[in-house]
Each structure stands twice: as C-alpha cells, then as structure tokens.
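Residues per chain, in single letters:
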Amino acid sequence: MRENIRNLLREFQPAGWPLDLVSAGFVQEIGLSDEGVTLGIRLPFAGMTWAEELKSALDERIRRVSQLPHVWWDIRIEVASMALAEAPSRGEAPAPVRVPLAGVRNILAVASGKGGVGKSTTAVNLALALQKEGARVGLLDGDIYGPSVPLMLGCADKHPESPDGKQMLPVTAHGLLANSIGFLVPDGDATIWRGPMASKALAQLLYETRWGELDYLIVDLPPGTGDIQLTMAQQVPTTAALIVTTPQDIALADARKGIAMFNKVGVPVLGVVENMSYHLCSRCGHQEDIFGTGGGEKVARQFDIALLGQLPLHIQIRENMDEGKPTVVQASGSKLSGLYRKLARNVAARLYFGGQVMPTRIPTIAG
C-alpha cells in the first residue's frame, strides 16, 4: 500500500520542476494507520501551499489506493532553509568580483525595463508571499531616486536603528525585514545624486544592514538599465533577476532590453512576470485585456525563460498598496493573494532547480 501511494506521488511534478516529488527526495514520510494516511514532505524552498495543489490533484486516488476503512488523510509540508549553488553565468563578460552578503542565501533582483508596470507592487507582494510560504525574507528598496517601499509597507515614519553606529537594523513591517533610502531621507525631499553616488548608497543599504539569516532577499530595482542595475550585476552576488512587464508592446520592448542587459553581465534571468495582464472588474468579475494579450509569453519564449505568473489589474491591489497593507497581508485568503503566493512558489522552485545541481538533496527517510 505504501508503495502504491509512493507511485502516486511520483506523478506530482509541477511546471518548472525537472523531477517529481519522490525523485527529488522531498518525501520524508508515508505514515499508515487505522485512522488514515499521513504524508511528510520537506522542501528546500518556499512552498507551504503546494500541499493544497497536491491534495487537489491526488485526493480521490490516495483515498482509493490506501484501502483503509476511513477516508481521512493529511499532508505535512515543512520548508527547510538551504543555500543554492552559484547560478551559471550566461553572459560573455568576464566574471566580476562580487562581495558575499553574510547570512543571505539568495538575492533576487526584481527589475523592469520601464516605469509604471507595477514592479514595486509585485516585489512587495512577492516578498510577503515567500514569507507566508515558509521562508525568511528581506526586502531592499533599490530605487534610490523614487523609493516607494516604505509607503507600500505602511511604515514610512519608521527609521532603522544603529546600535553600534556602523550597521543598521532593518525596519520590520508585517513580519518582513526591510530597508530603503526612504527611511533615511525626510519625506518630500528629493534625492539629487549622480549615478556613482546612487550606486554607493545602494551598496551601503545592502551591506550595512544587519539582515541576519535570510532565505531570500528581494531587491526592488529602479526601472531601466542604468547605474543601479550595473552595481547589482557587477558587485553583488545576485542569484537571479526577475523581469516585470505589462502585455503592451512599448513595455515589452523595454523588458527585452532589461533581459539582454542581465544576460550580458552574467546574471541569470529567472523569468517574466506579466503584471496588469488583464483588467478584473471588482463588480462583476469581467476580464478585459486592455493592455493586449500574450506579450509576456512571447518574450519568455523569445529568450527561453519562464513566464512565472500573470497578475491582474484590480482596484483592490491599488487600494491595499496605498493603505500600506499589501494584498498578501490585507486579503490573505483572497484569489488575488493566491496569485501572488502561486508566483512565490514558482519563483522559489525555479531558483532551487535552476541554480543547483540536483545531487544535493534532502534524504528520503520514508519507509
């Protein structure tokens, strides 16, 4: 019976996973008793809610093969922190010297070719979704000229403390560790700096913040392909970049430039997030492709990368961000929050499988 259940689990291989649940070594326990079946699964990446998809996909069949008098069964999923191996370089540029960030396992740059595509909204909700999926997460606002993370997290009045006068303690909002130039510059003041000064400010925020042990540090980059992006690519051990775009042609043209830049400097591009993929009416639920359709998929296919998610244009997302209560927190049980958590699971799994040679696995201890 246990082997029948194990064979069913071999059929669970979500998109982006090169191995199924069993072959990857994630199944820790298959417990059988008169009361039912218990599955113990341990993932080396954020993904607590994979349990829901697993149960939905295999529920009836698990009940059937268990041959038990009761139909109850349960899944226990744990997320274990595990560092990724260094991601392979895709560019032709010589390998730069990148200074490690102590305690941080993965640095994910969230970028866009142009402004106005919802990059920061995506970065904030992604960070919170990864946290809810079981990971330890930090968020760095890399937009030196136009920081928006403090407002989006509802903590613009907070300031990082520095007990030793050398390093800052990150601000905590909704359980998330965060830092931004917006915490240090008075509200309403303009940051009028040349490129090298902005890059230095980013490096200070990154390396002079006491992040502690993190599974993921999300860096919300400014739009474009300027000095800040080059600093991240050349000086920081960035695990991968994620490109946010809308489906319209003008945004896609700039997204292609962003992908090309990261490829040239040797930072792997994990995939594309198509934001404002469709307008979702808050009254009747009607979907309308006001910015076009299929653009994100087209770019992903052109560069042989993943389309990680498609997020709607919805008034609730805008209202949540303006209130400083991101959708993943304010409406945690909503379908909108579910889309961000699905994005987080996709990102975490692709980071793990894409940046690591599979011999480093969690051992299977199931009987």
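Residues numbered from 1 in each chain as written. Predicted model: local features only at pLDDT ≥ 70, side-chain atom pairs only at ≥ 80, totals over all residues. Heavy atoms only, no water.

**Details of the overall build of the protein**
- Counting its regular elements, the protein contains 11 helices and 13 strands.
- Contacts in the protein between residues far apart in sequence, at least 24 positions, make up 77% of those at least 6 positions apart.
- Element-wise, carbon and sulfur atoms account for 50% of the exposed surface of the protein, whose accessible area totals about 16500 Å². (Helix = DSSP H or I, 4+ residues; strand = E, 2+ residues; numbered from the N terminus. Contact = heavy atoms within 4.5 Å. Areas by Shrake-Rupley, 256 points an atom, 1.4 Å probe, with all protein chains shown as cover.)

**Topic: helix H3 (residues 119–132)**
- Taking 1.5 Å as the rise per residue, H3 with 14 residues should run 20 Å; its terminal C-alpha atoms sit 20 Å apart, in good agreement.
- Within H3, the full set of buried residues consists of Lys 119, Ser 120, Thr 121, Thr 122, Ala 123, Val 124, Asn 125, Leu 126, Ala 127, Leu 128, Ala 129 and Leu 130.
- With its phi angle positive at about 110 degrees, Gly 134 sits one or two positions after the end of H3. (Expected span 1.5 Å × (residues − 1). Buried < 20%, exposed > 50% of the residue type's maximum accessible area, 1.4 Å probe, protein only.)

**Regarding the packing of helix H1 (residues 2–9) against helix H2 (residues 50–66)**
- Relative orientation of the contacting elements H1 and H2 amounts to 155 degrees, with a least axis distance of 10 Å. As summarised for this structure, H1 and H2 are arranged roughly antiparallel, according to the angle between their axes. Every pair of crossing elements has a handedness; the one defined by H1 and H2 is right-handed. Note on element contacts: H2 touches H1 through Leu 54, Leu 58, Arg 61, Ile 62 and Val 65, opposite Asn 4, Ile 5, Leu 8 and Leu 9.
- Here the residues of the contact of H1 with H2 are counted per class, giving 7 nonpolar, 1 polar and 1 charged. (Axes fitted to C-alpha atoms, helices over the stretch in contact; angles between N-to-C directions. Parallel < 35°, antiparallel > 145°, perpendicular 65-115°, else oblique. Left-handed = near helix turned anticlockwise from the far one by under 90°. Nonpolar A, V, L, I, M, F, W, Y, C, P; charged D, E, K, R; others polar.)

**Notes on the environment of Gly 212**
- Here Gly 212 shows up in the loop between helix H5 (195–207) and strand S8 (216–220).
- C-alpha of Gly 212 to C-alpha of Ala 102: the two residues are 110 residues apart in sequence and 7.7 Å apart in space.
- If near-sequence neighbours (up to four positions away) are discounted, Gly 212 is found in contact with Ala 102, Gly 103 and Val 104.

**So, the sheet that holds strand S6 (residues 171–173)**
- On the basis of which strands lie adjacent, the open sheet formed by 8 strands has the order S6-S7-S5-S8-S4-S9-S10-S13 and mixed pairing. The open sheet is flanked by S6 and strand S13 (306–310), the only strands paired with a single partner. When strand polarity is set aside, the average angle formed by the axes of neighbouring strands in this sheet is 25 degrees.
- Here strand S4 (residues 107–111) pairs with strand S9 (residues 240–245) via 4 bridges, running parallel. Considered in S9, the bridge of Ala 111 is made with Ile 243. (Pairing = 2+ DSSP bridges.)

**A few points about the nonpolar core**
- The biggest cluster of nonpolar side chains holds 70 residues, and the ones touching the most others in it are Leu 9, Phe 26, Phe 45, Leu 126, Leu 153 and Ile 218.
- It is helix H11 (residues 335–355) that provides the largest number of residues to this core, a total of 10 residues.
- The contact partners of Phe 26, leaving out residues within four places of it in the chain, are Trp 17, Leu 21, Gly 40, Ile 41, Arg 42, Leu 43, Pro 44, Phe 45, Tyr 352 and Phe 353.
- The next biggest cluster of nonpolar side chains, apart from the first, holds 37 residues, and it includes Ala 198, Leu 202, Ala 255 and Ala 300. (Core = buried A, V, L, I, M, F, W, Y, C linked by side-chain atoms within 4.5 Å.)

**Topic: helix H8 (residues 295–303)**
- Every buried residue belonging to H8 is among Gly 295, Gly 296, Val 299 and Ala 300, and all of these are buried. Buried residues of H8 fall within an arc of 135 degrees about the axis and therefore sit on the same side.
- Buried positions along H8 lie against helix H7 (249–264), strand S10 (269–274) and S13.
- Directly beyond the C-terminal end of H8, a positive phi value near 55 degrees is found at Asp 304. (Arc of directions from axis to C-beta.)

**Brief notes about the state of the cysteines**
- One pass over the structure, following the stated rule, counts 0 disulfides.
- Of the cysteine sulfurs around Cys 281, a residue in no disulfide, the closest is that of Cys 284, at 3.7 Å.
- The exposure class of Cys 281 is partly exposed, given its relative accessible area of 22%. (Disulfide = S-S within 2.5 Å.)

**So, the side chain of Thr 327**
- Mapped onto the secondary structure, Thr 327 falls in helix H10 (residues 327–330).
- For Thr 327, a relative accessible area of 0% gives the class buried.
- A polar atom in the side chain of Thr 327 sits 2.9 Å from the side chain of Asn 320.
- Each residue touching Thr 327, except ones within four places of it in the same chain, is listed here: Asn 125, Gln 316, Ile 317, Asn 320, Met 321, Ser 332, Ser 334, Leu 336, Ser 337 and Tyr 340. (Polar contact = N/O pair within 3.5 Å; in protein donor to acceptor, adjacent residues only side chain to side chain.)

Interpretation note: all reported values are geometric properties and have no functional meaning in isolation.
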